[in-house]
Amino acid sequence: AVVENASLYAHKYEEEFQPHLPQFVSGIWQRLMKTSLFPKHDRLAATSMRFLAEVVGQQMHAALFADESTLRQVVEAIVIPNMTLRDSDVELFEDNAVEYISRDLESADSETRRRGARDLVHAMCKHHDATTTKICGEHVAAMLGRYGASPGTEWRAKDAALHLVVSLAVRAESSARGVSKMSDQLDILEIYSAHVAPELGGATATHGVVLADCVQFACTFRNQIPGDELLRLLPLLGGHLGHGDVVVQSYAAHCLERVLAVPGKIHRPQLAPLLPALFQALFAVIDGALAKGGDAPWENEYVMKAVMRLLVVGQADVVPHAAVVTEKLCASLGRVCANPR
């Protein structure tokens, strides 16, 4: 509550608060450095990073963070530790897929450390873009190097590296097209080709979290990735719909739907040969969840949205598959009517 109040003053009463700002910045900074990584302290950490982002992002306070050593300390001591996945986050990925997905895809992450760290990086890039990108770029290269040397044990390093790249690159995005404005300091297509596409193609044995990150990376930058590469991606996404993790299945379905929604990237004649396999993979997710029984989430909205998008883009090419699609959709509707939860 104290940090939230300080943040309000810094935002609404800049001039009046100016004399007190250095003391609050120092106090909140020190408090954040001492805050443990336990989930019970997540809200305090996220709120503290939001305060620092508020200060860093304002022109009148830019001088406070102009020194490279200060920015380096922020990245090393605050951004990276709070962007790195903890055991509690991995448990969420494995045991509570719905909550994990809602944080990432539905922006229900305002109180999370990762969102706080991401907002802080955004704010640092406003007035210190080149220096922040240089410092973060060094850490990204180091983390990707660690993952390359030992993928089995260092997968958290790649997870953090990909999230840091997204934080640095994205300046503005929309739900329809993905990223509409991005940093000119990073070559996203080179990062995609070197570190994301091989994972999606199954060239490397990967952890479910890293695979989900790579799918989400492709979805985020779908506007920047060329159409022929996106066309090559569609059958790969169909394959990942059969992954054992619900999060990976849902991300693959979401990415498939969003890629097809971008105007001018994938055309109907290109999609037609892929329709049978994609429909089969999407409905297999629901049938597989039903076969498991219990509380398996068969009512996966991302899968249904992807089915809808295939119908919209495929148009008349869907007719040969209409009987199967209708049967599956009617069965799903019947289940919802019987148990409208």
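Sequence order sets the numbering: in each chain, residues are counted from 1 along the sequence as written. Only residues with pLDDT of at least 70 get local features here, since the model is predicted, and only at 80 or more are side-chain atom pairs given and counted; chain-wide, interface and lining totals rely on the full set of residues. Water and hydrogen atoms play no part in the side-chain values, which are based on all heavy atoms of the structure.

Draft legend 1. Spatial organisation of the overall build of the chain. For helices the rule is a DSSP run of H or I covering at least 4 residues; for strands it is a run of E covering at least 2, with both sets numbered from the N terminus onward. From N to C terminus, the chain includes 17 helices and two strands. Since a compact globule built from 341 residues should have a radius of gyration of about 20 Å, the 22 Å found for the chain is in line with a globular shape. By definition in these notes, contact holds between two residues if any of their heavy atoms fall within 4.5 Å. Of the contacts made within the chain by residues no fewer than 6 positions apart, 75% connect residues no fewer than 24 positions apart. Accessible surface, the chain as shown: approximately 15900 Å² in total, 55% of it carbon and sulfur. Based on C-alpha atoms, the radius of gyration is set beside the globule rule, defined as 2.2 Å times the residue count to the power 0.38. Surface accessibility follows the Shrake-Rupley procedure with a 1.4 Å probe radius. Residue values consider only the protein chains on display as shielding.

Draft legend 2. Highlighting the packing of helix α3 (residues 21-34) against helix α5 (residues 68-83). For helices, the axis comes from a line fit to the C-alpha atoms of the stretch in contact; other axes are also lines fit to C-alpha atoms, and the angle between any two N-to-C directions lies between 0 and 180 degrees. Packing of α3 against α5 brings their axes to within 10 Å, and their N-to-C directions diverge by 35°. From α3, W29, L32 and M33 reach across to α5, where they touch T70, Q73, V74, A77 and I78. Nonpolar residues are Ala, Val, Leu, Ile, Met, Phe, Trp, Tyr, Cys and Pro. Charged residues are Asp, Glu, Lys and Arg, and all others, Gly as well, are polar. Partitioned by chemical class, the residues of the contact of α3 with α5 number six nonpolar, two polar and no charged.

Draft legend 3. Highlighting the nonpolar core. Only buried Ala, Val, Leu, Ile, Met, Phe, Trp, Tyr and Cys residues count toward a nonpolar core, and they belong to the same one when joined by side-chain atoms within 4.5 Å. Here's how the labels work: a residue is buried when its accessible area is under 20% of the maximum for its type, exposed when over 50%, partly exposed in between, all with a 1.4 Å probe on protein chains only. Counting residues in hydrophobic clusters, the biggest one holds 106 residues, and the most contacted among them are F51, L120 and F217. For this core, the leading source of residues is helix α8 (residues 113-149), giving twelve residues. With residues near it in sequence (within four places) discarded, F51 still touches V3, A6, S7, A10, L21, F24, V25 and I28.

Draft legend 4. Seen up close, unusual backbone geometry. Its identity is not glycine, yet Q315 carries a phi of approximately 50°, on the positive side. For Q315, the location among the structural elements is in the loop between α16 (301-314) and α17 (322-338).

Draft legend 5. Just the confidence of the model for the chain, in detail. Chain-level pLDDT for the chain is 84 on average; 93% of the residues reach the 70-or-more range. For the chain, per-element mean pLDDT is lowest for strand β1 (residues 170-174), which scores 69, and highest for helix α13 (residues 246-261), which scores 90. Residue-level confidence of the predictor is summarised by pLDDT, bounded by 0 at the bottom and 100 at the top.

Draft legend 6. Up close: the side chain of S48. Among the structural elements, S48 can be located in helix α4 (residues 42-56). The contact partners of S48, leaving out residues within four places of it in the chain, are V3, I28 and L32.

Draft legend 7. Geometry of the packing of aromatic side chains. Classification of ring pairs uses Phe, Tyr and Trp, with its six-membered ring standing for Trp, and accepts pairs whose centres are within 6.5 Å; under 30 degrees between planes counts as stacked, over 60 as edge-to-face, and the remaining range as tilted. Tallied over the full model, the rule gives six aromatic pairs. Taking 5.1 Å as the distance between ring centres and 85° as the angle between the ring planes, the aromatic pair formed by F93 and Y100 counts as edge-to-face. With respect to burial, F93 and Y100 carry one shared label: buried. In textbook terms, an aromatic cluster arises when at least three aromatic residues are bridged by ring pairs, as seen for Y9, Y13, F17 and F24.

Draft legend 8. Region of interest: the pattern of salt bridges. Every case where a carboxyl oxygen of Asp or Glu lies within 4 Å of a side-chain nitrogen of Lys or Arg is listed as a salt bridge. For the coordinates displayed, the defined rule picks out 18 salt bridges. E154 serves as the salt-bridge partner of R146, at 3.2 Å between the closest nitrogen and oxygen. Through salt bridges that share partners, D42, R86, D89 and R113 make up one connected network.

Draft legend 9. Representation of the side chain of D89. For D89, the position within the fold is in helix α6 (residues 87-95). The buried category is assigned to D89, whose relative accessible area is 12%. With residues near it in sequence (within four places) discarded, D89 still touches T84, Y100 and R103.

Draft legend 10. A look at the state of the cysteines. Counting rule for disulfides: a pair of cysteine sulfur atoms within 2.5 Å. Summed over all chains, the structure comprises zero disulfides. There is no disulfide at C219, and the cysteine sulfur nearest it, in C255, is 4.5 Å away.

Draft legend 11. Just the packing of α5 against α8, in detail. Contact pair α5 / α8: the axes reach a minimum separation of 9 Å and the direction vectors enclose 140°. Accordingly, the angle class assigned to the pair α5 and α8 is oblique. Handedness of the crossing formed by α5 with α8: left-handed. Looking at side-chain class alone, the contact of α5 with α8 contains 13 nonpolar, five polar and eight charged residues. Roughly parallel covers angles under 35 degrees, roughly antiparallel covers those over 145, roughly perpendicular covers 65 to 115, and oblique covers all other angles. The handedness criterion is simple: a crossing whose near helix is rotated anticlockwise from the far helix by less than a right angle is left-handed, and one whose near helix is rotated clockwise is right-handed.

Draft legend 12. View of the environment of L105. Looking at the secondary structure, you find L105 in helix α7 (residues 97-105). Taking C-alpha positions, L105 is 9.8 Å from S250, a pair spaced 145 residues apart along the chain. Once residues lying within four places of it in the same chain are set aside, the contact partners of L105 are Q216, Y251, H254 and Y302.

Draft legend 13. How the structure looks around the environment of L311. By the element assignment, L311 lies in helix α16. With 159 residues separating them along the chain, L311 and G152 place their C-alpha atoms 39 Å apart. Contact partners of L311, with chain neighbours within four places excluded, come to F279, V318 and V325.

Draft legend 14. Region of the structure containing α6. Within α6, burial applies to D89, V90, L92 and F93. In an axial view of α6, the angular spread of the buried residues amounts to 155°, which keeps them on one side of the axis. Set apart from the buried face of α6 by more than 90 degrees, the exposed residues are D87, E94 and D95. If you follow the buried residues of α6, they end up packed against α7, α9 (155-169), α11 (208-220) and α13. Taken from the helix axis, the directions to the C-beta atoms give the arc we talk about.

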